[in-house]
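Geometric and topological summary
So the chains spell out like this:
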Amino acid sequence: MTTLESIAGGATAGTLYGVGVGPGDVRYMTLRAAGLVSTVDTVAFFAKRGQEGNARRIVAPLMADGRNELRLEYPVTDEIPASDPAYRSAIAGFYATSADALAAELQAGRSVGLLAEGDPFFYGSFMHMWRRLSERFPVEVVPGVTGMSGCWTRANTPITWGDDVLTVMPGTLTEDALVERLSRSDASVIMKIGRNFAKVKRAVEAAGLTGRAVYVERGTMQAERVMPLAEQSGEIGPYFAMVLIPGEGRRL
């Protein structure tokens, strides 16, 4: 009988795995990712202070009792702007100590699966660990379904047609920068909404794209919400929200 481990492959001692856990629904994880969650010696994950950690929540159905876990807790998240020197100092220090904690596990000969929401190489904290550790230890990166892919699928919204060019941008950009990029893009995804929601909504309107814009909150997760951007109000959105503006390219 074929088993998940025989298909997905096991973990190698002393290796760091960047495990993409997908957009939120555990069923959208790859076989390789699910297999590693079950076989690595240590499951590591980032989490906001006082919260479970979204990546850890996603893999909960795959976690047996007694697994060795390493929780890496952010000192700050969106409480202060990323451009603030205090934020940069706190996060840089946090990434340094997190890398040290992972290195200790690897030096002890343990395999470590560091969970990453979506894909590890797409706006992920894993990349900061990869930069610090990839020259010292073996590293395997396991790609995952991105959050934006999960969102446009759940919104039943094809994002690019024909020769459409897709632009992905963070909501942390200035309003003028958002308007400029939106105005010259065929199709767009705006991520990192959160406290930037009101600014993002104004930028979409200024670019004349409100009629095409779709708001997706917690795509593929519990409490998922999908609606036209024009119908979503307020100044602040959740962290797991994005705005989709589908292209209108060649259709046959």
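These lines cover the structure that appears in this document, whether it is placed above or below. Owing to the predicted nature of the structure, the values given are computational and were not obtained by experimental measurement.

**Quick look at the overall build of the protein chain**
Each helix and strand counted, the protein chain has eight helices and ten strands in total. Expected size for 252 residues packed as a compact globule is a radius of gyration near 18 Å; at 19 Å, the protein chain falls within 12% of this value. Buried residues in the protein chain amount to 47% of all 252 residues. Within the protein chain, counting contacts between residues at least 6 apart in sequence, those at least 24 apart form 70% of the total.

**Side note on the sheet that holds strand E4 (residues 112-116)**
Ordered in space as E3-E2-E4-E1-E5, the five strands form an open sheet in which the pairing is parallel. This sheet does not close on itself; its edge strands, each paired only once, are strand E3 (68-73) and strand E5 (139-142). The mean inter-strand angle of the sheet, taken between neighbouring strand axes irrespective of direction, is 20 degrees. Examined bridge by bridge, strand E2 (residues 42-47) and E4 share three bridges and lie parallel to one another.

**Quick look at the nonpolar core**
Within the largest apolar cluster, 22 residues are counted, with the highest numbers of intra-cluster contacts made by Phe46, Leu102 and Leu114. Looking at this core, the elements with two or more residues in it are E2, E3, helix H4 (85-107), E4 and helix H5 (126-133). A total of eight residues in this core trace back to one element, the largest contributor, which is H4. Those residues in contact with phenylalanine 46 that sit more than four places away from it in its chain are Gly53, Leu72, Tyr74, Phe94, Tyr95, Ser98, Leu114, Ser125, Phe126 and Met129.

**With respect to the environment of alanine 99**
Assignment of secondary structure puts alanine 99 in helix H4. Alanine 99 sits 30 residues away from methionine 129 along the chain, and the two C-alpha atoms are 5.8 Å apart. Filtering out sequence-adjacent residues up to four positions away, alanine 99 remains in contact with Met129, Arg132 and Leu133.

**Examining the packing of helix H7 (residues 175-183) against helix H8 (residues 197-206)**
Axis separation between H7 and H8 bottoms out at 9 Å; the angle between their running directions is 40 degrees. As far as their axial angle goes, H8 and H7 are oblique. Crossing handedness for the pair H7 and H8: right-handed. Residue-level contacts link Glu175, Leu178, Val179 and Leu182 of H7 to Lys199, Val200, Arg202, Ala203, Val204 and Ala206 of H8. Its residues placed into classes, the contact of H7 with H8 shows seven nonpolar, no polar and three charged.

**A short note on unusual backbone geometry**
The backbone phi angle of tyrosine 123 is positive, close to 50 degrees, even though this residue is not glycine. By the element assignment, tyrosine 123 lies in the loop between E4 and H5. The residue threonine 220 is not glycine, and still its phi comes out positive at about 75 degrees. Secondary-structure assignment places threonine 220 in the loop between strand E8 (214-217) and strand E9 (225-228). Using a relative accessible area of 10% as the deciding quantity, one classes threonine 220 as buried.

**So, the pattern of salt bridges**
Within this structure, the stated rule accounts for 13 salt bridges. Across the salt bridge formed by glutamate 217 and arginine 218, the nearest N and O atoms sit 3.0 Å from each other. Owing to a relative accessible area of 7%, glutamate 217 belongs among the buried residues under this scheme. Taken together, the salt bridges that share partners define one network made up of Arg49, Arg71 and Glu73.

**Focus on the sheet that holds E9**
In spatial order, the strands read E6-E7-E10-E8-E9; together these five strands make up an open sheet with mixed pairing. The open sheet has two edge strands with one neighbour each: strand E6 (166-170) and E9. Pairwise comparison of adjacent strand axes, ignoring direction, gives a mean angle of 15 degrees for this sheet. The pairing of E6 with strand E7 (residues 187-191) spans five bridges and is classified as parallel. Within E7, the position partnered with leucine 166 by the bridge is alanine 187. The sheet contacts of helix H6 (residues 147-154) involve E6, E7, E8, E9 and strand E10 (241-245), and relative to E10 the element is tilted by about 65 degrees. Across the sheet, H7 is in contact with E6, E7 and E10; its angle to E6 comes to roughly 170 degrees.

About the cut-offs
- Residues numbered from 1 in each chain as written.
- Predicted model: local features only at pLDDT ≥ 70, side-chain atom pairs only at ≥ 80, totals over all residues.
- Heavy atoms only, no water.
- Helix = DSSP H or I, 4+ residues; strand = E, 2+ residues; numbered from the N terminus.
- Rg over C-alpha atoms; globule rule 2.2 N^0.38 Å.
- Buried < 20%, exposed > 50% of the residue type's maximum accessible area, 1.4 Å probe, protein only.
- Contact = heavy atoms within 4.5 Å.
- Pairing = 2+ DSSP bridges.
- Axes fitted to C-alpha atoms, helices over the stretch in contact; angles between N-to-C directions.
- Core = buried A, V, L, I, M, F, W, Y, C linked by side-chain atoms within 4.5 Å.
- Parallel < 35°, antiparallel > 145°, perpendicular 65-115°, else oblique.
- Left-handed = near helix turned anticlockwise from the far one by under 90°.
- Nonpolar A, V, L, I, M, F, W, Y, C, P; charged D, E, K, R; others polar.
- Salt bridge = Lys/Arg side-chain N within 4 Å of Asp/Glu carboxyl O.

Everything listed here is a matter of coordinates, which is why it stays silent on function.
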